Amino acid sequence: MARWCYRHRLVVLLLWVGALFGLGFSASTAGTDYANVFSLPDTDSKKAYDLMEKAFPASAGDTDTVVWKVDEGSVRDQDVRSRIQPVLDEIAGMKGVGGVTGPYPADAAGAAQISGDGRIAYAQITFTEQANAVPKELVQDVVDTARGAGQDGLEVEVGGQAIQRVQEPPTGLAEMVGLAAAAVVLFLAFGSLYAMLLPLAVAVFGVGMGLFSTQLLSHVTDIPDLAPLLSSLIGLGVGIDYALFIVTRHRKGVLRGLDPEESTVVALNTSGRAVLFAGGTVCIALAGMLVTNLRFLDGVVIGTSLTVVLSVLAATTLLPALLGFLGARVLSRKQRRVLAATGPEPERSSGPAARWSVGVQRRPRTIAALALVVMAVLALPVLSLRLGATDQGNDDASTTTRKAYDLLAEGFGPGFNGPLQVVVDGGDATALTAGIKDTPGVARVAALPPASGVTVIQVVPTTSPQSAETDTLIDRLRDDVIPEAGAQAHVGGVTAVSKDFATVTGDRLPLFIATIIGLGFLLLLVAFRSLVVPLTAAVMNLVAAAASFGVLVAVFQWGWGLDLLGLGKEGPINAFLPVIMLSLLFGLSMDYQVFLVSRMHEEWVHTRDNARAVRVGLAETSRVINSAALIMVCVFLAFVLSGDSGAAMAGVGLAAAVALDAFILRTALVPAAMHLLGDSNWWLPGWLEKRLPHLAVEPKEEAPPATAAAGEGPASVVHGFVRNTAGEPVEDATVTLMSQGGRELDRVTSLADGSYILSVPAPGTYLLATTAAPPLLKRARRLTVAGEPLVYDVELEEAAEVS
């Protein structure tokens, strides 16, 4: 397939461009129909909501607030009333609004909606739907109408769950910053503008088509509006990384004497296989979210998995076509000049990566101990992890929701922003109301008139919605107050829903983690034919998860460095974040494990020398893994600029996870542990070997035969002459025999008569690369060698001038 895409590059490019523009046109024509279907069956808050919906169908929807404050005088003044009341009446008449309850006339009920000093008042807007289902157009009309009443000396703000949905930051900023940072890293890694653009192009096509496809799918299934954000977050990271791995392998092949087409085929046959496998592991990790039975995550799985699949498809089809357009220009001009002047570079690892790899081999115990200490220290804060939900208090200070939140807290106390709804459908509601009033942690209680046998008691806590004391109050009401009153009642409201969601998520996390760890273990077991490698990967994944969540707790829950990020005050960790973050983390960390260990496994198959396999694998992959990780860190941290606290939390958490996984675990702890384990890394019981299906990450190659007895010589040879197009012998041409994976097996220099002879370790298919001094062109061909010596003459043409 890689060869076909390379040779038919224009067709492939036109197909991808047509698909991208076609999907884009269809998506823009159809529009969006994202639906945040959120349900927590068998929870107390869900039972409360169901009763509310049955008894008060017009008021079971989301309740938001219009808040106003006067600088002087009172909100009861006639000039204030005459400006606010017509606005409230206009909002009440909008389609989709169930009703508006304001403080005018200032009777006993209305007086409760005016602060003690008379300077702040609010009105409640009840929509006919829950916040996630309220049309954004309606919400925007409410915001514009309410804020239009403001003037000098009169501040009007709007807050609530539905209102928060329209306070979206400019789209695309985080993605553009992430791409710009990735471009800088790629240019430093490649030193070539063309090579830098390749991974970016693959990521843009993969993410673009993924987002358009997800948008179209929103019309036929429930997909939350969180899905596009997470799809772009993960799509940019994996799209750039997958292309980076393939382009790096391709450039290495060209530098070692392969012509661009043959090098592309080799790169896709090696790194491309690893990309396919890695993409599969990411999708499986994402699919692990389905076991949580949280329905709104189903759409997230669909959107993110589809984007990953399209990114893999772009890396394995579009990228070979783009490589065909570039040819040798995938190298920098300096590299092309050196290659033309001195011939292909030998197959050897050098530089900091090789020195580090040797250092790990020499001191595995010390390095493993240091890495474990660092990860353990970073993981300590996770012991105080508290799941919850962010609210308007975490919004940017310039948004109307944050201003409304602060005004309500100022006028009516911190607990007013998270009222509880105790829904009574049996027993003595009056006695329950009295019992709630006497409960510690309750600021105000108000019972609404009953309907259809259901009474709703509004409870305002003394503490903020994110406070642990508020969670304690909810438990006290459910476990003590309601049973003591002998009533059949349920505690609902946004704060109670958030608490129940955190509880349900926490209860299902062990099953979720076991599922994705188990699936990853099975995949690596089949791929590397080893029990120890997948077991090591599973342990490392858990260590990386603990350390990254420790960083998350320290920053967002303890507030360390939060001011530097400009993301407001500290609070609990979003309850949905562990599920999503662990899925992405396990998928991405498996990527790095696959790329690292696949190269080690390739060397192990050839040499059966564990120390060499680990050393060579680390030396040849650590640089590209670290570059890929640095790109992902840049992309994820850019989402701090999104203005969304949930996206910023996910971005920081994933950036920390990827950095720790790549720079400490895969670069230090994993290879150190593999050196300590020795040959047992590749142990697999014989009975299991026979029953496992065969799924190779790298192409199957014949292992070299055992060391030949003295005088037996190699299994075979390839020999012949190197000539130019005029039939004249070419002296000092470099002739290299390589495996199909690009591994150098033998290298010689042609004699004065152009003759050469290469040793072949065993019958099979190989690559023969020939390079001579300018102006002769290098040449690479695939050969099949049987048991007998093979005669093969090479003809070199004159090369065009390197520009």
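Residues numbered from 1 in each chain as written. Predicted model: local features only at pLDDT ≥ 70, side-chain atom pairs only at ≥ 80, totals over all residues. Heavy atoms only, no water.

**Thoughts on the overall build of the chain**
Now for step 1: Of regular secondary structure, the chain possesses 25 helices and 18 strands.
Now for step 2: Along the three orthogonal principal directions, the C-alpha set of the chain runs to about 110 × 50 × 40 Å.
Now for step 3: For the chain, the residues scored as buried account for 55% of the 803 residues in total.
Now for step 4: Look at the contacts in the chain between residues 6 or more apart in sequence, and 77% of them connect residues 24 or more apart.
Now for step 5: When the accessible surface of the chain is split by element, carbon and sulfur atoms take 59% of a total near 32,700 Å².
Now for step 6: Positive and negative charge centroids in the chain, built from 58 and 76 side chains respectively, lie 9 Å apart. (Helix = DSSP H or I, 4+ residues; strand = E, 2+ residues; numbered from the N terminus. Buried < 20%, exposed > 50% of the residue type's maximum accessible area, 1.4 Å probe, protein only. Contact = heavy atoms within 4.5 Å. Areas by Shrake-Rupley, 256 points an atom, 1.4 Å probe, with all protein chains shown as cover. Lys, Arg positive; Asp, Glu negative; His and termini not counted. Charge placed at Lys NZ, Arg CZ, Asp CG, Glu CD.)

**Examining the confidence of the model for the chain**
Now for step 1: Taken as a whole, the chain shows an average pLDDT of 83; of its residues, 91% reach a score of 70 or greater.
Now for step 2: Confidence scores differ between elements of the chain, with helix 5 (residues 108-111) showing the lowest mean pLDDT of 60 and helix 15 (residues 364-379) the highest of 94.
Now for step 3: Contacts from residues 701-714, a stretch scored under 50 in pLDDT, to residues over four places away or in other chains number 16 contacts. (pLDDT = per-residue confidence, 0-100.)

**Description of the environment of Ala 429**
Now for step 1: On the secondary structure map, Ala 429 appears in helix 17 (residues 429-437).
Now for step 2: Beyond its immediate chain neighbours, meaning those up to four positions away, Ala 429 contacts Val 424, Thr 455 and Ile 457.

**Looking at the nonpolar core**
Now for step 1: Counting 148 residues, the largest nonpolar core has Tyr 242, Met 289, Tyr 592 and Phe 636 as the members making the most contacts within it.
Now for step 2: What Tyr 242 contacts, discounting residues up to four positions off in sequence, is Val 275, Ala 278, Gly 279, Val 282, Val 312, Ala 315, Asp 591 and Phe 595.
Now for step 3: If you look at the next biggest cluster of nonpolar residues, it comprises 31 residues, including Val 70, Leu 138, Val 139 and Ala 162. (Core = buried A, V, L, I, M, F, W, Y, C linked by side-chain atoms within 4.5 Å.)

**Brief notes about the pattern of salt bridges**
Now for step 1: Taken as a whole, this structure holds 16 salt bridges when the rule is applied.
Now for step 2: Measuring nitrogen to oxygen at the nearest pair gives 3.3 Å for the salt bridge that ties Glu 157 to Arg 147. Taken together, the positions of Glu 157 in strand 4 (residues 154-159) and Arg 147 in helix 6 (residues 136-147) put the pair ten residues apart, joining distant regions of the chain.
Now for step 3: Classification of Glu 157 as buried rests on a relative accessible area of 3%.
Now for step 4: Taking the shortest distance from any N to any O, the salt bridge between Asp 406 and Arg 402 comes out at 3.1 Å. (Salt bridge = Lys/Arg side-chain N within 4 Å of Asp/Glu carboxyl O.)

**A few points about the packing of aromatic side chains**
Now for step 1: Applying the stated criterion across every chain yields a total of seven aromatic pairs.
Now for step 2: A centroid spacing of 5.1 Å and a plane angle of 90 degrees characterise the contact between Tyr 122 and Phe 412, whose relative ring orientation is edge-to-face. Of the two residues, Tyr 122 is situated in strand 3 (residues 120-127) and Phe 412 in helix 16 (residues 400-412); the sequence distance between them amounts to 290 residues. Note on accessibility: Tyr 122 and Phe 412 belong to one class, buried.
Now for step 3: Put simply, the rings of Tyr 122, Phe 412 and Phe 416 touch in pairs and so form one group of aromatic residues.
Now for step 4: Just above the ring of Tyr 6 sits the side chain of Arg 9; from NZ or CZ to the centre is 5.3 Å.
Now for step 5: The ring centre of Tyr 194 lies 5.5 Å from the NZ or CZ of Arg 329, which sits over that ring. (Phe/Tyr/Trp six-rings, centres within 6.5 Å; stacked < 30°, edge-to-face > 60°. Lys NZ or Arg CZ within 6 Å of the ring centre and 35° of its normal.)

**Quick look at the sheet that holds strand 8 (residues 455-461)**
Strands pair in a sheet through their backbones, by hydrogen bonds, and they do so in one of two ways: parallel or antiparallel.
Now for step 1: With antiparallel pairing, the four strands of this open sheet are ordered in space as 7-8-6-9. Edge positions in the sheet fall to strand 7 (442-447) and strand 9 (488-492), since each has one partner strand and no second. Adjacent strand axes in the sheet meet at a mean angle of 20 degrees when their direction is disregarded.
Now for step 2: As judged from the five bridges shared by strand 6 (residues 420-426) and strand 9, these two strands associate in the antiparallel manner. (Pairing = 2+ DSSP bridges. Axes fitted to C-alpha atoms, helices over the stretch in contact; angles between N-to-C directions.)

**Some remarks on the packing of helix 10 (residues 226-255) against helix 23 (residues 610-638)**
Now for step 1: Running from N to C, helix 10 and helix 23 cross one another at 155 degrees; their axes reach a closest spacing of 9 Å. When the axes of helix 10 and helix 23 are compared, the pair comes out roughly antiparallel. Once helix 10 is placed against helix 23, the crossing between them reads as right-handed. When helix 10 is examined against helix 23, the residues Leu 233, Leu 236, Gly 237, Val 238, Ile 240, Asp 241, Leu 244, Phe 245, Thr 248 and Lys 252 are found in contact with a partner set consisting of Glu 620, Val 624, Ile 625, Ser 627, Ala 628, Ile 631, Met 632, Val 635 and Phe 636. (Parallel < 35°, antiparallel > 145°, perpendicular 65-115°, else oblique. Left-handed = near helix turned anticlockwise from the far one by under 90°.)

**Observations concerning unusual backbone geometry**
Across the chain, the bulk of peptide bonds are trans and the bulk of non-glycine residues have phi less than zero.
Now for step 1: Phi at Arg 529 is positive, roughly 50 degrees, even though this residue is not glycine.
Now for step 2: Mapped onto the secondary structure, Arg 529 falls in the loop between helix 19 (494-528) and helix 20 (532-557).
Now for step 3: In this structure, Asp 732 takes a positive phi of about 60 degrees despite not being glycine.
Now for step 4: Along the chain, Asp 732 turns up in the loop between strand 11 (716-724) and strand 12 (734-738).
Now for step 5: Look at Asp 732 and you get exposed, because its relative accessible area is 53%.

**Describing the sheet that holds strand 15 (residues 764-771)**
Now for step 1: Spatial ordering of the open sheet is given by 13-12-15-16, a layout of four strands whose pairing is antiparallel. At either margin of the open sheet sits one strand with a lone partner, and together these are strand 13 (744-749) and strand 16 (779-785). With strand direction ignored, the average angle separating the axes of adjacent strands in the sheet is 20 degrees.
Now for step 2: Relative to strand 16, strand 15 runs antiparallel, the two being bridged by seven bridges. Each bridged residue has a counterpart across the sheet, and for Tyr 766 the counterpart in strand 16 is Leu 783.

**Observations regarding helix 4 (residues 78-92)**
Now for step 1: Over its 15 residues, helix 4 runs 21 Å from end to end, which matches the ideal 21 Å to within 8%, given 1.5 Å per residue.
Now for step 2: On its buried side, helix 4 packs onto strand 1 (63-70), strand 2 (97-101), strand 3, helix 6 and strand 4. (Expected span 1.5 Å × (residues − 1).)

**What to know about the environment of Ala 287**
Now for step 1: Mapped onto the secondary structure, Ala 287 falls in helix 11 (residues 260-287).
Now for step 2: Accessibility expressed as a relative area gives 31% for Ala 287, which makes it partly exposed.
Now for step 3: Put simply, Ala 287 and Leu 297 are ten residues apart on the chain and 9.6 Å apart in space, counted from C-alpha to C-alpha.

**Details of helix 19**
Now for step 1: For helix 19, built from 35 residues, the straight-helix expectation of 51 Å at 1.5 Å per residue is met to within 8% by its first-to-last C-alpha distance of 48 Å.
Now for step 2: At Leu 509, helix 19 shows its strongest bend, of approximately 40 degrees, with the proline Pro 510 following within four residues.
Now for step 3: Trailing helix 19 by a residue or two, Arg 529 shows a phi angle of about 50 degrees, which is positive. (Bend = angle between axes of the 7 residues up to and from the residue.)

**So, a negative patch on the surface**
Now for step 1: Where like charges cluster on the molecular surface, the negative patch consists of Asp 71, Glu 72, Asp 152 and Glu 155.
Now for step 2: By the element assignment, Asp 71 lies in the loop between strand 1 and helix 4. (Patch = residues over 30% accessible without salt bridge, like charges linked within 9 Å, V, L, I, M, F, W, Y side chains within 5 Å.)

**Structural notes on a nonpolar patch on the surface**
Now for step 1: Together, Val 184, Phe 187, Leu 188, Leu 193 and Leu 197 make up a nonpolar patch on the protein surface, roughly 500 Å² of accessible area in all.
Now for step 2: At the level of elements, helix 8 (173-190) and helix 9 (193-217) are the ones that each hand at least two residues to the nonpolar patch.
Now for step 3: Ranked by the residues each element gives to the nonpolar patch, the list is headed by helix 8, at three residues.
Now for step 4: The topology assignment puts Leu 193 in helix 9.

**Comments concerning the state of the cysteines**
Here a disulfide denotes one covalent bond, and it connects the sulfur atoms of two cysteines.
Now for step 1: Per the counting criterion, the structure on display carries zero disulfides.
Now for step 2: For Cys 5, which is in no disulfide, the shortest distance to another cysteine sulfur is to Cys 283 and amounts to 20 Å.
Now for step 3: The exposure class assigned to Cys 5 is buried, which follows from its relative accessible area of 4%. (Disulfide = S-S within 2.5 Å.)

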